[in-house]
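Analysis of the macromolecular model
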Amino acid sequence: MSCPVEPRHIAQYRAEGCTRVEGAFSPQWVERLTAAIDRCHAALAAGRPLPPVGTVGPRNPPSLHRTGAGGVQLRNCMAADRAFLDWIAESPAAAIVGALTGAAHVRFWMDATFIKQGSDPETATPWHNDVCTFPFTGEQQPSLWVALTDVDEENAPLLTLAGSNQDAWRYHSPLSRQDISLPGYRPWQELLDRVAAPGADIRVWPAHAGDCLLIHPRTIHASRPQAPGRRGRRVAFTTRWLGSDVVWAPDALSVTVAGLSDHPAMRAGAPPPDALFPIVWQRG
Ligand SMILES: O=C(O)CCC(=O)C(=O)O
């Protein structure tokens, strides 16, 4: 399996915190992933169970979240469909993550799907960065965002604040407990003020189906809704990964994961154990 990452992608990822790898996934992968997403969406929308067909270790159960009129997020569907598991094992996904982050090895962590149809502002993804609620620390915990439809400027493209990956702090998130503040976290409002400031270096990321973006865990990002009158839906499948510098470091502001947060094998300061997070790609 060849890896489509070039030195220009690595340089851009390091400097700006996001890069696009064009044509990373074949039309066959786009079709298989889309079909799997549609199966999971239909089951979750109908309240049907999604029994696992494989194992990815302790994760929160698959879930569906509506975001405005025409926006849907699916979470944690990885174990529910063979197409997702095959994609982790057989596609260039893990190699792309390893090549771009410089990790010696990578492990899969979690997945989410963002479906948008219509111009309701609530379907936009609000500005945030992913590390705010992560129970791990390390530079190598990116998100691999895969376009499964063409995502042009009118079709709810992803936006990033270039260079925010260089921040030396995290932000307190509206998704975390509001009654706690910890050293190393800045108020959420500061993140919003930065992206609204005149001259903020906001990049827009159009993509063709099969292209991917690698997003650094501290990169501040968002998406637009579709432009009014735009037809068809916008689908992006995003996965979180753990590289060789990542260690378990939950704090009072991190997300808790059923069966994982209190698992005896998860030790503070130690890498994720192979039994729960198998290595899926190694350098060389
Ligand atoms: O695709 C989107 O709308 C947003 C994706 C995103 O924010 C994420 O994966 O963290």
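In what follows, the accompanying structure is described.

1. Quick look at helix α4 (residues 93-101)
The element α4 is extensively covered by neighbouring structure, given that eight of its nine residues are classed as buried. Those residues of α4 that sit buried are A93, A94, A95, I96, V97, G98, L100 and T101. Taken from the residues just after α4, G102 is the one with a positive phi, measuring 80°.

2. Examining the packing of helix α1 (residues 7-16) against α4
In contact at an axis separation of 9 Å, α1 and α4 are set at 65° when each is read in the N-to-C sense. Judged by the sense of rotation from one axis to the other, the crossing of α1 with α4 is right-handed. Residue-level contacts link H9, I10 and Y13 of α1 to A99, L100 and T101 of α4.

3. Some remarks on the environment of T55
By secondary structure assignment, the location of T55 is in the loop between α2 (27-45) and β2 (63-66). Owing to a relative accessible area of 71%, T55 belongs among the exposed residues under this scheme. Measuring from C-alpha to C-alpha, the distance between T55 and A197 comes to 44 Å, with 142 residues separating the pair along the chain. In this structure the side chain of T55 is engaged in a polar contact, spanning 3.3 Å, whose partner is the backbone nitrogen of G57.

4. Overview of the pairing of strand β7 (residues 143-147)
Every other side chain in a regular strand lies on the same face of the sheet, so the side chains alternate between the two faces. The element β7 is largely enclosed, with a buried count of five among its five residues. Residues S143, W145 and A147 of β7 are buried on one face, and the alternating residues L144 and V146, pointing to the opposite face, are buried as well. Across four bridges, β7 lies against strand β12 (residues 212-215) in antiparallel orientation. Across the sheet, residue L144 finds its bridge partner in β12, namely L214.

5. Regarding the site of the ligand
As a matter of local geometry, the ligand sits amid F114, K116, T125, H128, D130, W145, L158, H221, S223, R234, T238 and R240. Separating an oxygen atom of the ligand from a side-chain N or O atom of H128 is a distance of 3.1 Å. R234 has a polar side-chain atom sitting 2.9 Å from an oxygen atom of the ligand. Contact with the protein chains covers 99% of the free accessible surface of the ligand, which is 290 Å².

What counts, and at which threshold
Sequence order sets the numbering: in each chain, residues are counted from 1 along the sequence as written. Given that this is a predicted model, residues contribute local features only at a pLDDT of at least 70 and side-chain atom pairs are listed and counted only at 80 or more, while totals for whole chains, interfaces and linings are drawn from all residues. Excluded from the side-chain calculations are hydrogens and water; all other atoms, namely the structure's heavy atoms, are used. Three labels apply to residues, based on accessible area from a 1.4 Å probe with only protein chains included: buried if under 20% of the type maximum, exposed if over 50%, partly exposed otherwise in between. Counting from the N terminus, the helices are DSSP H or I runs at least four residues long and the strands are E runs at least two residues long. Throughout, an axis means a line fitted to C-alpha atoms (over the contacting stretch in the case of helices), and angles, computed between N-to-C directions, take values from 0 to 180 degrees. Each crossing gets its hand from how the near helix is turned against the far one by less than a right angle, where anticlockwise is left-handed and clockwise is right-handed. Contacts: residue pairs with any heavy atoms within 4.5 Å of one another. Counted as a polar contact is a pair of N or O atoms within 3.5 Å, where, for protein atoms, one must be capable of donating a hydrogen and the other of accepting one, and residues adjacent in sequence contribute only when both atoms are in side chains. Only when DSSP finds a minimum of two bridges between them are two strands counted as paired. The near set for a molecule or strand comprises every residue that places at least one heavy atom within 4 Å of it. Surface accessibility follows the Shrake-Rupley procedure with a 1.4 Å probe radius. Residue values consider only the protein chains on display as shielding.

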